[in-house]
Amino acid sequence: MSRTFLLVGATPPPLTSRRAWKALAEHHRVIGALHLRQLFADDARRGERLNAEAAGWYLDYSKNRINDETLRLLLALGDSSGLRERIDAMFRGDPVNTTEQRAALHTALRAPAGTQLRVAGIDVIAEVQTVLGRMAAFADALRGGQWLGYTGKRIRNIVNIGIGGSDLGPAMAYKALRHYSQRELHFRFVSNLDATALVEATRGLDAAETLFIVCSKTFTTLETLTNGHAARTWCVAQLGDERAVARHFAAVSTNAEGVARFGIAPAQMFGFWDWVGGRYSVDSAIGLSLMIAIGPEQFRAMLAGFHAMDTHFHSAPFGRNLPVLLGLLAVWYTNFFNAQTQAVLPYDQYLQRLPAYLQQLTMESNGKQVTLAGMRVNYATSPIVWGEAGTNGQHSFYQLLHQGTALVPCDFIGFCQGLHPQALEGSQSDDPHNLLMANFFAQTEALAFGKTAAQVRAEGTADKLVPHRVLEGNRPSNTLLAQQLTPGALGALVALYEHSVFTQGVIWNIDSFDQWGVELGKALANQTAAELASVHAPALEHDSSTNTLMRRYQRLRQESP
Ligand SMILES: O=P(O)(O)OC[C@H]1O[C@](O)(CO)[C@@H](O)[C@@H]1O
């Protein structure tokens with residue numbers, strides 16, 4: 001198949017007209033009527049067969065509403081979508097982000113030093129390694145106390161300022177790898193435009209001991225520039241000298257001019273490239289605050305985990321390929337079961353921000369309504385992703401997962417070894433991790449198999465309560481299990497989801513690497529901000545709702561509360 005053919009998206013034929021799609025629709029009528037109890041009863045070895053392993057992660061996908069035929073058809077759908085060619089094109093650095101004519105080369109960010117990838121004549125891996133080297137030197141200087149603030153004090157606080165991928169990536173990974181962090185350094189993350197975010201993040205901090213890292217791919221993002229300038233003002237006000245900025249600010253961006261205009265010297269700027277999407281950037285210089293926290297060695301261990309999953313995705317047969325399997329299953333539920341959402345349930349407190357991170361990764365990538373060729377799709381695209389760290393979710397929304405009317409496919413993520421194996425004094429268990437994981441396994445079992453009316457009755461339940469206590473089961477889930485939450489395991493996990501999202505995007509024939517949908521809101525906000533700032537109330541020319549709301553806002557702003 002020719003390269004242009006694939007990139008312009010002229011082929012393959014429309015998704016819903018393909019043989020594999022129609023066969024899946026037909027097949028769904030059969031499989032949709034079957035219960036997981038039946039599927040397990042029919043195949044005693046199902047749980048031993050329907051699994052795959054890569055980069056330290058074990059995926060059990062046996063508790064899905066599928067059989068071997070489903071898999072065969074889903075794999076055929078992948079083939080008919082040119083999945084193999086599209087994966088190769090992405091790894092090669094072809095402009096797979098067609099609407100922006102850019103490569104999506106996040107895989108180059110974690111390719112081992114010394115490997116070669118030339119894109120438009122440039123050795124991209126050598127460039128990546130140069131930046132990693134500069135980041136490591138800066139991180140070491142901060143960790144070792146050689147980098148001093150303007151007044152000669154050691155830096156103790158790092159405040160990361162960024163939003164979207166320039167915040168969620170480092171914030172999620174910092175929390176995930178807190179166990180490996182240098183404890184003498186304190187990290188805070190500021191993203192929201194609400195002044196409260198920066199005020200609270202800097203409360204009690206001594207500017208002389210604080211470093212701000214302003215992260216923005218474009219260095220034009222309103223939130224980040226507003227917070228960055230406010231931080232600059234706060235810093236200069238405390239230290240009494242503009243020259244302090246040089247010791248208390250660093251920037252991560254692709255926009256050297258914007259960084260210079262802000263007043264950050266090139267020596268404190270860490271670059272990356274337009275072929276790194278914001279939501280795919282945690283392993284670029286955007287991860288600088290994370291590297292300062294865990295150190296360059298652990299950061300490189302995380303990159304090695306990413307790379308191990310990349311290699312698997314690039315080379316493993318699709319039937320044993322974790323990201324491909326996860327992606328195809330997401331398509332199965334989204335398009336054939338009309339499941340609109342997907343829950344991500346990490347049973348590890350350190351992964352508390354993973355659902356938020358995966359929301360951006362998935363929904364900003366695949367929340368699209370036209371194909372690569374610009375035609376309106378006639379099928380659903382991205383699921384709505386949400387979730388919570390276990391067991392908190394169990395005491396909140398799991399009721400709906402078990403007995404609600406919506407079908408919510410779930411990803412359960414857990415570890416065989418906790419990072420704190422010692423029981424706290426007074427704990428009822430020798431190893432609290434066992435209790436956590438008992439819940440983890442129990443939930444996937446309860447979702448799949450439920451509890452029949454006969455079982456409920458056999459417990460002596462009064463007849464009128466029986467329907468309330470029945471759990472119909474047949475609720476699908478994936479289980480992802482690794483030995484321990486290490487930097488490598490985190491890297492592999494993030495890469496797994498990145499590639500699963502890409503797989504889904506290929507099937508849906510959409511551009512997973514642009515985000516035009518967020519632009520209109522930004523443009524309107526700029527216009528509205530000018531109107532709100534005007535002393536003389538201008539004639540408002542919005543719709544009648546927005547006009548009324550804005551007038552009310554302006555009136556109440558001037559009255560004392
Ligand atoms: O890093 P930047 O350029 O400030 O952008 C921040 C975020 O804004 C978006 O462009 C839109 O939400 C994201 O894709 C990106 O992660």
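Keep in mind that this is a model prediction, so the values were computed, not measured.

Asks: Any chance you could explain the overall build of the protein chain here in plain terms?
Replies: Broken down by element type, the protein chain carries 24 helices and 13 strands. For a compact globule of 561 residues, the expected C-alpha radius of gyration is about 24 Å, and the protein chain comes in at 25 Å, within 12% of that figure. With the C-alpha coordinates aligned to their principal axes, the bounding extent of the protein chain is approximately 75 × 65 × 60 Å. Classification of the 561 residues of the protein chain by burial places 53% in the buried group. For the protein chain, long-range pairs separated by at least 24 residues make up 74% of all intrachain contacts whose partners lie at least 6 apart in sequence. As displayed, the protein chain has an accessible area near 24,600 Å², and 54% of this comes from carbon and sulfur atoms.

Asks: Any chance you could explain the site of the ligand here in plain terms?
Replies: In the vicinity of the ligand lie 13 residues, with Ser166, Ser216, Thr218, Thr221 and Glu364 positioned nearest. With respect to the ligand, the side chain of Ser166 contributes an N or O atom lying 2.7 Å from an oxygen atom. At 2.6 Å, a side-chain N or O of Ser216 approaches an oxygen atom of the ligand. The fraction of the free accessible surface of the ligand (400 Å²) that becomes covered by protein chains is 87%. Elements that contribute at least two residues to the shell around the ligand include exactly helix H9 (165-176) and helix H17 (354-366). Looking at side-chain class alone, the shell around the ligand contains two nonpolar, nine polar and two charged residues.

Asks: Help me understand the packing of aromatic side chains, please; the structure alone is not making it clear to me.
Replies: Each aromatic ring pair is summarised here by two numbers: the centre-to-centre distance and the angle between the ring planes. Evaluation of the coordinates by the stated rule reveals 26 aromatic pairs. Ring centres 5.0 Å apart and planes at 20 degrees place the aromatic pair Phe212 and Phe249 in the stacked group. In this pair, Phe212 is assigned in strand E7 (residues 210-215) and Phe249 in strand E8 (residues 249-253), connecting sequence segments 37 residues apart. Aromatic pair Tyr347 and Phe412: ring centres 5.9 Å apart, planes at 35 degrees, arrangement tilted. In this pair, Tyr347 is assigned in the loop between strand E10 (341-346) and H17 and Phe412 in strand E12 (residues 410-417), connecting sequence segments 65 residues apart. Just as Tyr347 is buried, Phe412 falls in that class too. Taking NZ or CZ as reference, Arg134 lies 4.6 Å from the ring centre of Phe270, over its face. Looking at Arg232, its charged tip hangs above the ring of Phe262, at a distance of 5.8 Å from the centre.

Asks: What is the right way to read unusual backbone geometry from this model?
Replies: Among all residues save glycine, negative phi is the norm, and among peptide bonds the norm is trans. For the bond from Gly390 to Thr391, the omega torsion is 0 degrees, close enough to zero to count as cis. Looking at the element boundaries, Thr391 is found in the loop between strand E11 (384-387) and helix H18 (398-403). In this structure, Gln101 is a non-glycine residue whose phi angle is positive, near 50 degrees. With respect to the helices and strands, the residue Gln101 is situated in the loop between helix H6 (83-92) and helix H7 (106-109). If you check the backbone angles, Asn474 has positive phi at about 65 degrees while not being a glycine. In this structure, Asn474 sits in the loop between helix H21 (466-469) and strand E13 (477-484).

Asks: Explain the nonpolar core here, please?
Replies: One recurring pattern in soluble globular proteins: nonpolar side chains tend to sit buried together. Ranked by size, the top nonpolar core spans 128 residues in total, and within it Trp57, Trp275, Leu480 and Leu490 carry the most contacts. Here this core gets 13 residues from one element, more than from any other, and that element is helix H22 (residues 487-508). Among the domains, domain 1 (15-81 + 316-418 + 430-508) and domain 2 (106-300) are the pair contributing at least three residues each to this core. Aside from chain neighbours lying at most four places away, what touches Leu480 is Trp57, Tyr58, Leu59, Leu322, Leu326, Phe412, Ile413, Gly414, Phe440, Leu493, Leu496 and Tyr497. Membership of the second largest hydrophobic core comes to 23 residues, among which are Ile161, Ala208, Ala251 and Val259.

Asks: When you look at the environment of Thr254 in this model, what are you seeing that I'm missing?
Replies: Tracing the backbone shows Thr254 in the loop between E8 and helix H13 (256-262). A relative accessible area of 33% places Thr254 in the partly exposed class. Between the alpha carbons of Thr254 and Ser216 there is a distance of 7.9 Å; along the sequence they are 38 residues apart. If we ignore the near neighbours within four places in the chain, the residues touching Thr254 are Ser216, Lys217, Thr218, Phe272, Trp273 and Asp274. Reaching out from Thr254, the side chain makes a polar contact with the backbone oxygen of Lys217 at a distance of 2.5 Å.

Asks: Help me understand the packing of helix H15 (residues 296-315) against H22 in this model?
Replies: Running from N to C, H15 and H22 point in directions that differ by 35 degrees, and their axes come no closer than 7 Å. Seen along the crossing, H15 lies across H22 with a hand that is right-handed. Residues Gln298, Ala301, Met302, Gly305, Phe306, Met309, Asp310 and Phe313 of H15 lie in contact with H22, whose contacting residues are Pro487, Gly488, Leu490, Gly491, Ala492, Val494, Ala495, Leu496, Glu498, His499, Phe502 and Thr503. Split by residue class, the contact of H15 with H22 holds 12 nonpolar, six polar and two charged.

Asks: Help me understand the confidence of the model for the protein chain, please; the structure alone is not making it clear to me.
Replies: In low-pLDDT regions, the fine details of the predicted coordinates are not to be read closely. A residue-level look at the protein chain finds 96% of positions with pLDDT of 70 or above and a mean pLDDT of 95. Least confident of the elements in the protein chain is helix H1 (residues 3-7), whose mean pLDDT is 43; most confident is H22, at 99. Segment residues 1-9 is flagged for pLDDT under 50; beyond a separation of four residues in sequence, or across chains, it makes 19 contacts in the model.

Asks: Just checking my understanding: could you explain the sheet that holds strand E9 (residues 269-271) for this structure?
Replies: In any sheet, the strands associate via hydrogen bonds between backbone groups, in a parallel or an antiparallel arrangement. Strand order in the open sheet formed by five strands is E6-E5-E7-E8-E9, with parallel pairing between adjacent strands. The open sheet is flanked by strand E6 (186-190) and E9, the only strands paired with a single partner. On average, each strand axis in the sheet is inclined to that of its neighbour by 20 degrees, with strand direction left out of account. As paired strands, strand E5 (residues 157-161) and E6 are joined by five bridges and run parallel to one another. Each residue of the ladder has a partner; that of Asn157, found in E6, is His186.

Rules used throughout
Residues numbered from 1 in each chain as written. Predicted model: local features only at pLDDT ≥ 70, side-chain atom pairs only at ≥ 80, totals over all residues. Heavy atoms only, no water. Helix = DSSP H or I, 4+ residues; strand = E, 2+ residues; numbered from the N terminus. Rg over C-alpha atoms; globule rule 2.2 N^0.38 Å. Buried < 20%, exposed > 50% of the residue type's maximum accessible area, 1.4 Å probe, protein only. Contact = heavy atoms within 4.5 Å. Areas by Shrake-Rupley, 256 points an atom, 1.4 Å probe, with all protein chains shown as cover. Near = heavy atom within 4 Å. Polar contact = N/O pair within 3.5 Å; in protein donor to acceptor, adjacent residues only side chain to side chain. Nonpolar A, V, L, I, M, F, W, Y, C, P; charged D, E, K, R; others polar. Phe/Tyr/Trp six-rings, centres within 6.5 Å; stacked < 30°, edge-to-face > 60°. Lys NZ or Arg CZ within 6 Å of the ring centre and 35° of its normal. Core = buried A, V, L, I, M, F, W, Y, C linked by side-chain atoms within 4.5 Å. Domains from an automatic or database assignment. Axes fitted to C-alpha atoms, helices over the stretch in contact; angles between N-to-C directions. Left-handed = near helix turned anticlockwise from the far one by under 90°. pLDDT = per-residue confidence, 0-100. Pairing = 2+ DSSP bridges.

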